[in-house]
Amino acid sequence: MYHSNTFWILHAVGTYEDTIGKDYDDEAAYVLGYATWSTLVYNETLRDFLATSTPTQGKVYVDILEARKRVMFHETLHYFLGPHGNTLTELGIMSGNCLYTSEDISITDSQIARIQKQPRPVISTDVIL
Ligand SMILES: [Zn+2]
């Protein structure tokens, strides 16, 4: 990521997995993507998660191609909406349920308003309010 108030660039990278303990190998802990200096999408962890975890009853996960897009979109929006824990980061594509086919993944009016207020993307702990 490069950012200033007049010019910014974001890029997304498909990667393998996060570190041991967060890679869904032999443990329940996992991270499917991350918003740092690049948006990272952990393809191996995502594949393992979709293949082996059990969706909430009655729900169905999207396929891997759709899941990669949703994780990339979700993580990239963290640059504009901040970390989880506020109402803007729990709705639609930002919801923890965004990999279900039945989930509404649209961006809400309040999320759009927040994005439009921010002059540039920032790493989530440094979000401009
Ligand atoms: Zn998130």
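Everything quoted here is computed from the prediction, not taken from an experiment. The residue numbering used here restarts from 1 in each chain and proceeds along that chain's sequence as written. Local features in this predicted model are restricted to residues of pLDDT 70 or higher, and side-chain atom pairs are both shown and tallied only at a pLDDT of 80 or more, whereas totals for entire chains, interfaces and linings draw on every residue.

Another point: the sheet that holds strand β4 (residues 33-35). Should DSSP find at least two bridges between two strands, the strands are regarded as paired. Numbered from the N terminus, helices here are DSSP runs of H or I no shorter than four residues, and strands are runs of E no shorter than two. Taken together, three strands build an open sheet; the order of strands is β3-β5-β4 and the sheet is mixed. Two strands bound the open sheet, and with one partner strand each, they are β3 (12-15) and β4. The mean angle between the axes of side-by-side strands here comes to 15°, regardless of whether they run parallel or antiparallel. With three bridges joining them, β4 and strand β5 (residues 39-42) adopt antiparallel strand pairing. If you follow Ala35 over to β5, its bridge partner there is Thr39. Axis geometry follows a simple rule: fit a line to the C-alpha atoms, using only the stretch in contact for helices, then measure angles between N-to-C directions, giving values from 0 to 180 degrees.

What follows is about the nonpolar core. As used here, a nonpolar core is made of buried Ala, Val, Leu, Ile, Met, Phe, Trp, Tyr and Cys residues. They are joined through C-beta atoms within 7 Å. Partly exposed residues are those falling between the two cut-offs: more than 12 but fewer than 20 other C-beta atoms within 10 Å of their own, whereas 20 or more means buried and 12 or fewer means exposed, with C-beta atoms placed from the backbone. Grouped together as the largest cluster of nonpolar side chains are nine residues: Ala35, Leu77, Tyr79, Phe80, Leu81, Leu88, Ile93, Met94 and Ile105. The greatest single-element share of this core, amounting to four residues, is contributed by helix α2 (residues 64-81). By definition, residue pairs are in contact when their C-beta atoms, positioned from the backbone, come within 7 Å. Apart from the residues lying within four places of it in its own chain, the contact partners of Met94 are His74, Leu77, Leu81, Leu88 and Thr89. Core analysis: the second largest hydrophobic core is formed by eight residues, Tyr42, Leu46, Ala67 and Leu99 among them.

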